[in-house]
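Okay, here's what each chain looks like letter by letter:
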Amino acid sequence: MELIEAVRIAVEKALKNNATQAEAYATISNRISILTSNDRKSGIKSRSGSSEEIKGLSIRVIVGKSLAYSHTTILDEESIEETVKTAIKLAKIKDPDPEFKTLPSPKTPTQVEGIFDPKILTPPIEETFEELRKILSEGLDADPNFNTISSNISFTSTERAIHNSLGVEVSFRETIVNAGVSILGEKNGIRSLGWEGEASRELNKINLRKYMEEAIEKVKIGFKVDRIESGEKTVIFSPEALESLMEFAFVRAIDAYNVQEGKSYLTGKIGELVASEKLTIIDDGTLKGGLRTTPTDVEGVPSQKTIIIENGILKSYIYDSYTAHKENRESTGNAFRQFRTPITIAPRNQIIKGEEVKLEELIREVNEGIIIQGVMGAHSTNIATGAFSITANPSYIIKKGEIIGQVKGCMIAGTFKELLEKYTEQGDDIKQRGSLIAPSIKFEKVRITT
Amino acid sequence: MMDLLIWLVNKGVNEGLEYVEARYQKFHSTDIEVRDGKVISAVPGIEQGVAIRVLFKGGWGFSTTNSISKDSLQSALTTAIKMAKQSSIDTEPVKLAPSTITMDKVKVYVKEPLEEVSIEEKIKFLLNVDNVAREISPNIKTTSNYNDYSEYKIICTSDGTQLEINNSWVYWGMWAYAREAGLIQSYRDRFAMLGGFEVTEKMNAEERSREAAKKAMELLKAKPAPGGKFTVVIDGVLSGLLAHEAIGHASEADGVLRGTSILRGKLGEKIGSEHVTLMDDATINGRFGTDVYDDEGIRAQRKVIIQKGILKGYLTNREAAGKMGLPLTGNARAQDYRFQPIVRMTNTFFQPGDMNFEELIEDIKYGIYAKGGRGGQVSPAEGIFQFGAQEAYIIKNGEITDRLRDFSMSGFILETLKNVTGVAKDFDIYPSFCGKMGQSMRNTCGGPHMRIENMMVGGRM
């Protein structure tokens with residue numbers, strides 16, 4: 001059964017079973033993943049290819065003012081009917097939710113570009129394996145101190161269909177290819193790990209050789225270990241390190257559910273200065289080729305651009321229709337769901353804008369500080385306060401404008417709001433990492449413990 | 001369904017594959033979320049699918065689908081074979097550790113089957129435990145979750161193993177948020193066990209929920225933690241996190257085999273002080289990490305990983321055990337039909353010692369006492385780990401004094417366990433979901449109170 005047919009049947013059956021309103025969401029995703037690694041000491045070459053085809057349908061029904069969900073992976077009429085009935089039955093026993101107003105009304109989906117590449121539907125499996133074999137063997141040969149190299153790639157295509165009883169009807173396809181190379185080396189007892197990779201909507205944007213070369217450079221820098229004293233230092237976050245921290249320390253803080261319940265440190269701070277005046281953060285669901293760009297969100301609300309922070313001032317949170325209606329405003333198009341889960345809020349492409357300089361200059365200006373490639377422990381961030389306590393790993397010491405070596409076991413504790421206030425400038429090495437689109441970003445006088 | 005899997009496995013064998021493993025799974029789940037006494041969502045769901053894993057001349061292929069018909073399974077098998085053939089081009093043969101042929105049907109003990117309990121009753125349970133937390137103070141807000149899961153699983157391999165497994169579990173978790181004069185603090189707790197709805201009676205959820213609210217209120221008075229190196233005493237929940245992050249992951253033999261664990265080549269070596277004995281035990285009745293068989297059909301076991309500081313064993317799957325000549329431990333686990341089995345921990349814990357808590361702290365001039373887990377992370381390849389605590393206190397001259405907040409610790413796998421200088425005789429064990437290679441797996445980790453010297457603490461002062 002086609003997805004669009006499945007969602008129409010689901011909504012129709014819900015209305016027949018006395019739903020006041022109903023919405024169905026169906027998805028089918030196909031993924032091919034290849035995991036490979038070579039190990040010098042054991043000589044083991046490990047290879048695994050996998051394929052996945054997962055489909056599912058989720059129904060949301062409203063009976064009076066009661067909402068309920070149910071889902072199934074069996075897309076035939078009988079199962080859909082059973083799923084609808086489960087949801088209806090559940091809605092009838094749940095207390096009404098006086099704060100629920102309505103499902104979204106139909107609006108024209110946003111025209112977006114660059115989210116679907118037909119080449120990813122039938123990925124070049126043989127050529128990819130061939131290239132991976134080359135990359136692994138060349139990467140390991142690049143330095144006698146390299147011990148293990150791994151390279152993974154996945155090709156995903158997803159089709160989604162959304163339909164509700166008010167007339168919303170949207171379906172679209174999107175693709176993502178994700179690839180990376182990781183190298184582990186050991187020299188004079190010092191272990192160093194280097195990774196580089198990228199996700200893209202387009203197959204041709206992926207360049208395994210480039211990732212290998214950059215990973216090699218990172219491992220080599222890490223072979224030198226140096227020391228830096230504890231204290232307030234200049235700290236540069238790479239886009240990947242910042243994304244890991246922001247997922248737990250910022251994205252959840254602008255989620256309207258957490259905000260409305262008073263569980264976010266940004267509750268009640270609209271119009272206030274919450275970051276350096278140089279800093280602007282935009283949530284953009286319309287950006288060409290963005291990993292989080294789609295015509296609409298999963299409720300069929302057109303994608304848009306939302307300014308979150310402008311010149312340091314908090315302008316908006318991110319909403320789905322439920323949280324938006326509670327404040328008598330429009331959804332920002334940030335509803336997210338998998339067919340197994342109820343609707344939650346998720347960021348689109350979050351773009352960080354500020355004072356841009358060349359990356360070399362960003363590093364050259366540092367007298368004493370660190371540049372962080374990854375963080376550990378971001379998930380323990382307390383979203384109610386924004387307080388985090390993380391290990392910066394891997395991270396490298398910068399002294400007098402030069403990266404001089406790796407620092408082992410460096411910890412950073414503070415609140416995310418304080419960190420945003422310490423923003424000074426950013427590089428020109430813009431990358432998309434998950435939902436974040438940002439270059440390396442510099443913060444001054446950040447307390448580090450080593 | 002067993003017949004369909006046997007048909008599929010035989011088809012694979014006829015194609016010249018060395019090993020074929022087919023796994024069918026159907027599960028019912030219920031996810032309920034309550035915030036501040038209001039039911040946000042209550043989602044019942046049913047899902048089923050089949051996973052096929054094949055081995056051809058040293059190359060692995062895997063395919064998963066939730067379309068269950070002969071045609072779609074045939075097509076999934078074809079894809080898996082295509083992948084395996086590509087994987088095999090430059091690899092050496094894989095010799096799987098020999099397994100005994102097992103024909104068995106197992107069922108976790110369930111008193112009140114989840115499907116016989118109405119969703120109203122499940123909602124009522126959660127609303128009640130959510131409400132009692134907010135009775136502690138008008139300044140408390142809450143988020144509470146209830147999840148249950150019952151599965152029927154078939155594992156069928158080309159070696160002749162045929163297993164039918166019925167499993168069931170219940171999870172409860174909550175966050176309490178305390179607000180006062182512009183300050184917000186949070187505290188979380190959870191409980192989970194295998195079994196039916198009767199698990200909710202063993203949870204002590206009401207008391208735990210009230211306790212979490214009180215702790216969140218107390219944290220409002222806490223001060224930021226100091227940064228630096230300290231003597232640290234951790235409770236059983238945190239020593240469990242240490243067991244899991246600092247050593248458990250590094251002892252997973254798939255990483256050891258691929259060269260991404262710092263513990264490679266360390267079998268028989270001293271990697272901890274004599275106080276350190278670490279177990280992984282999949283056989284504890286009803287514990288959240290317990291299995292009877294793993295997803296390769298190997299009997300799950302009780303294993304010693306570290307005995308009195310000496311590394312005694314790794315957790316294995318059939319490939320790693322075969323290649324490294326190690327015993328099979330039954331640790332190949334998959335989150336569900338969408339995933340390949342990978343080496344995972346089950347119930348992992350440090351063995352208690354013989355000291356009292358007071359003896360652990362009495363000669364500490366200046367140190368830190370930390371309790372309760374806030375999650376952790378490890379890089380087994382580099383040998384560094386990190387974990388967060390919910391509560392912490394300064395220890396001054398053997399006395400517990402000022403309360404701290406936002407506290408986390410970091411250390412190196414090969415150093416930290418050598419710095420364990422005391423282990424208490426108490427014991428605590430805690431359920432969690434652990435993430436690895438995109439798979440979330442149920443497990444528990446635990447241990448006694450432990451004293452560790454020279455531990456790195458992240459702080460703001």
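### What to know about the overall build of chain B
In terms of helices and strands, chain B carries 10 helices and 23 strands. Over its C-alpha trace chain B gives a radius of gyration of 23 Å, about what one expects of a compact globule, namely 23 Å for 461 residues. Contacts in chain B between residues at least 24 apart in sequence constitute 74% of all its contacts with a sequence separation of at least 6.

### Remarks on the domain arrangement of chain B
Residues and elements named next belong to chain B. With domains assigned, chain B is organised as domain 1 (2–219) and domain 2 (223–458). For domain 1 and domain 2, the distance between their C-alpha centres works out to 23 Å. With 34 residues of domain 1 in contact, the opposing surface of domain 2 contributes 26 residues. Looking at the side of domain 1 that touches domain 2, the elements with two or more residues in it are strand E1 (19–35), strand E2 (38–56), strand E3 (59–65), strand E5 (140–157), strand E6 (162–180), strand E7 (183–194) and helix H5 (205–219). For the side of domain 1 that touches domain 2, the element with the highest residue contribution is E7, accounting for 7 residues. In terms of residue class, the side of domain 1 that touches domain 2 is built from 18 nonpolar, 9 polar and 7 charged.

### A few points about the environment of Ile351 of chain A
Residue and element names in this part refer to chain A. Structurally, the position occupied by Ile351 is in strand E13 (residues 349–353). By the C-beta count within 10 Å, which is 20 here, Ile351 ends up buried. It is 39 Å that separates the C-alpha atoms of Ile351 and Ala91, two residues lying 260 residues apart in sequence. Setting aside chain neighbours within four positions, we find Ile351 in contact with Ile282, Asp284 and Ile437.

### Quick notes on the interface of chain B and chain A
Across the boundary between the two partners, chain B contributes 67 residues, which contact 62 residues of chain A. At 10 residues, the largest contribution of residues to the side of chain B that touches chain A is made by E2 of chain B. Looking at the side of chain B that touches chain A residue by residue, the class counts come to 20 nonpolar, 33 polar and 14 charged. Pairing between strand E2 (residues 45–63) of chain A and E3 of chain B: 6 bridges, direction parallel. When the bridges of E3 of chain B are listed, Glu53 of chain A appears paired with Thr65 of chain B.

### Looking at the sheet that holds strand E11 (residues 302–307) of chain B
Residue and element names in this part refer to chain B. Within the open sheet, the 6 strands sit side by side as E12-E11-E10-E15-E22-E21. Their pairing is mixed. Two strands lie at the open edges of the sheet, namely strand E12 (310–311) and strand E21 (428–436), each paired on one side alone. Inspection of the sheet shows strand E10 (residues 278–281) paired to strand E15 (residues 347–350) by 3 bridges, in the antiparallel sense. Note that in E15 the partner of Leu278 across the bridge is Phe350. The strands that helix H6 (residues 236–248) touches are E10, E11, E15, E21 and strand E22 (439–447); relative to E22, the one it contacts most, it runs at about 125°.

### Examining the packing of helix H1 (residues 3–16) of chain A against helix H2 (residues 77–93) of chain A
Residue and element names in this part refer to chain A. Running from amino to carboxyl end, H1 crosses H2 at an angle of 45°, the nearest separation of the two axes being 9 Å. Put simply, H1 runs oblique to H2. In this structure, H1 crosses over H2, and the sense of that crossing is right-handed. Between H1 and H2, the contacting residues are Ala6, Ile9, Ala10, Lys13 and Ala14 on the first element and Glu77, Ile80, Glu81, Val84 and Ile88 on the second. Taken together, the residues that form the contact of H1 with H2 break down as 7 nonpolar, no polar and 3 charged.

### Observations concerning the pairing of strand E14 (residues 368–372) of chain A
Residues and elements named next belong to chain A. Most of E14 sits out of view: 4 of its 5 residues are buried. Bridge count between strand E7 (residues 231–237) and E14: 4 bridges; the pairing is parallel. Its bridge partner lying in E14, Phe237 is registered against Ile372.

### Notes on the environment of Ile149 of chain A
All names here are of chain A. The topology assignment puts Ile149 in strand E4 (residues 146–164). Separated by 112 residues in the primary sequence, Ile149 and Ser37 place their C-alpha atoms 5.5 Å from one another. The residues touching Ile149, leaving out its near neighbours within four places in the chain, are Ser37, Asn38, Leu136, Gly139, Leu140 and Ile183.

### So, helix H2 (residues 70–87) of chain B
Taking 1.5 Å as the rise per residue, H2 of chain B with 18 residues should run 26 Å; its terminal C-alpha atoms sit 25 Å apart, in good agreement. The set of residues buried in H2 of chain B consists of Leu73, Ala76, Leu77, Thr79, Ala80, Ile81, Met83, Ala84, Lys85, Gln86 and Ser87 of chain B.

### Quick notes on the nonpolar core
In terms of nonpolar packing, the biggest core is built from 271 residues, with Ala10, Val61 and Ile370 of chain A together with Ala176 of chain B touching the most fellow members. It is E6 of chain B that contributes the most residues to this core, 11 residues altogether. Residue contacts for Ile370 of chain A: discarding those within four places in its chain leaves Ile228, Lys233, Val235, Ala392, Ser395, Tyr396, Ile397, Ile398, Val407, Cys410 and Ile448 of chain A.

### Overview of the pairing of strand E9 (residues 228–234) of chain B
A regular strand places its side chains on the two faces of the sheet in alternate fashion. Residue and element names in this part refer to chain B. Burial analysis of E9 places 5 of its 7 residues in the buried class, the great majority of the element. Inspection of the sheet shows E9 paired to strand E23 (residues 450–458) by 6 bridges, in the antiparallel sense. Residue Val232 lies in a different strand from E23, and its bridge partner there is Ile452. Here E9 pairs with strand E16 (residues 366–379) via 4 bridges, running parallel. Pairing of Val232 across the sheet is with Ile368, part of E16.

### Concerning the sheet that holds E13 of chain A
Residue and element names in this part refer to chain A. The strand order across the open sheet formed by 6 strands is E10-E9-E8-E13-E22-E21, and the pairing between neighbours is mixed. Single-partner strands in this sheet number two, and they are strand E10 (313–314) and strand E21 (431–433). Alignment of strand E8 (residues 280–284) against strand E9 (residues 305–310), held across 4 bridges, turns out to be antiparallel. Residue pairing for E9: Ile281 is matched across the bridge by Ile309. Contacts between helix H5 (residues 239–249) and the sheet are confined to E21 and strand E22 (436–438), with E22 contributing the most and set at about 140° to the helix.

### So, the domain arrangement of chain A
Residues and elements named next belong to chain A. Domain annotation for chain A reports domain 1 (3–222) and domain 2 (231–449). A separation of 22 Å is found between the C-alpha centroids of domain 1 and domain 2. Every contact between the two is made by 36 residues of domain 1 and, on the other side, 30 residues of domain 2. Within the residue set of the side of domain 1 that touches domain 2, elements represented by two or more residues are strand E1 (21–39), E2, strand E3 (66–72), E4, strand E5 (169–187), strand E6 (190–200) and helix H4 (208–222). Top contributing element to the side of domain 1 that touches domain 2 by residue count: E5, with 4 residues. For the side of domain 1 that touches domain 2, the residue count by class is 18 nonpolar, 11 polar and 7 charged.

### Considering the packing of helix H3 (residues 119–134) of chain B against H5 of chain B
Residues and elements named next belong to chain B. Orientation of H3 relative to H5, taken along the N-to-C sense of each, is 35°, at an axis distance of 8 Å. Where H3 crosses over H5, the two elements pack in a sense that is right-handed. Where H3 abuts H5, its residues Val129, Val132 and Ala133 lie against Ala205, Glu206, Ser209, Arg210, Ala212 and Ala213.

### Re unusual backbone geometry
Following Asn393 of chain A, the chain continues into Pro394 of chain A via a peptide bond in cis, with omega recorded as -5°. In this fold, Pro394 of chain A is placed in the loop between strand E16 (387–392) and strand E17 (395–399). The phi torsion at Asn311 of chain A lies on the positive side, around 45°, for a residue other than glycine. Looking at the element boundaries, Asn311 of chain A is found in the loop between E9 and E10. Asn311 of chain A sits in the partly exposed class, given 15 other C-beta atoms within 10 Å. Unusually for a residue other than glycine, Asn397 of chain B sits at a positive phi of about 45°. Following the sequence through the fold, Asn397 of chain B ends up in the loop between strand E17 (384–396) and strand E18 (399–405).

How each quantity is defined
- Residues numbered from 1 in each chain as written.
- Chains lettered and ligands numbered in written order.
- Predicted model: local features only at pLDDT ≥ 70, side-chain atom pairs only at ≥ 80, totals over all residues.
- Helix = DSSP H or I, 4+ residues; strand = E, 2+ residues; numbered from the N terminus.
- Rg over C-alpha atoms; globule rule 2.2 N^0.38 Å.
- Contact = placed C-beta atoms within 7 Å.
- Domains from an automatic or database assignment.
- Nonpolar A, V, L, I, M, F, W, Y, C, P; charged D, E, K, R; others polar.
- Buried ≥ 20, exposed ≤ 12 C-beta atoms within 10 Å, placed from the backbone.
- Pairing = 2+ DSSP bridges.
- Axes fitted to C-alpha atoms, helices over the stretch in contact; angles between N-to-C directions.
- Parallel < 35°, antiparallel > 145°, perpendicular 65-115°, else oblique.
- Left-handed = near helix turned anticlockwise from the far one by under 90°.
- Expected span 1.5 Å × (residues − 1).
- Core = buried A, V, L, I, M, F, W, Y, C linked by C-beta atoms within 7 Å.

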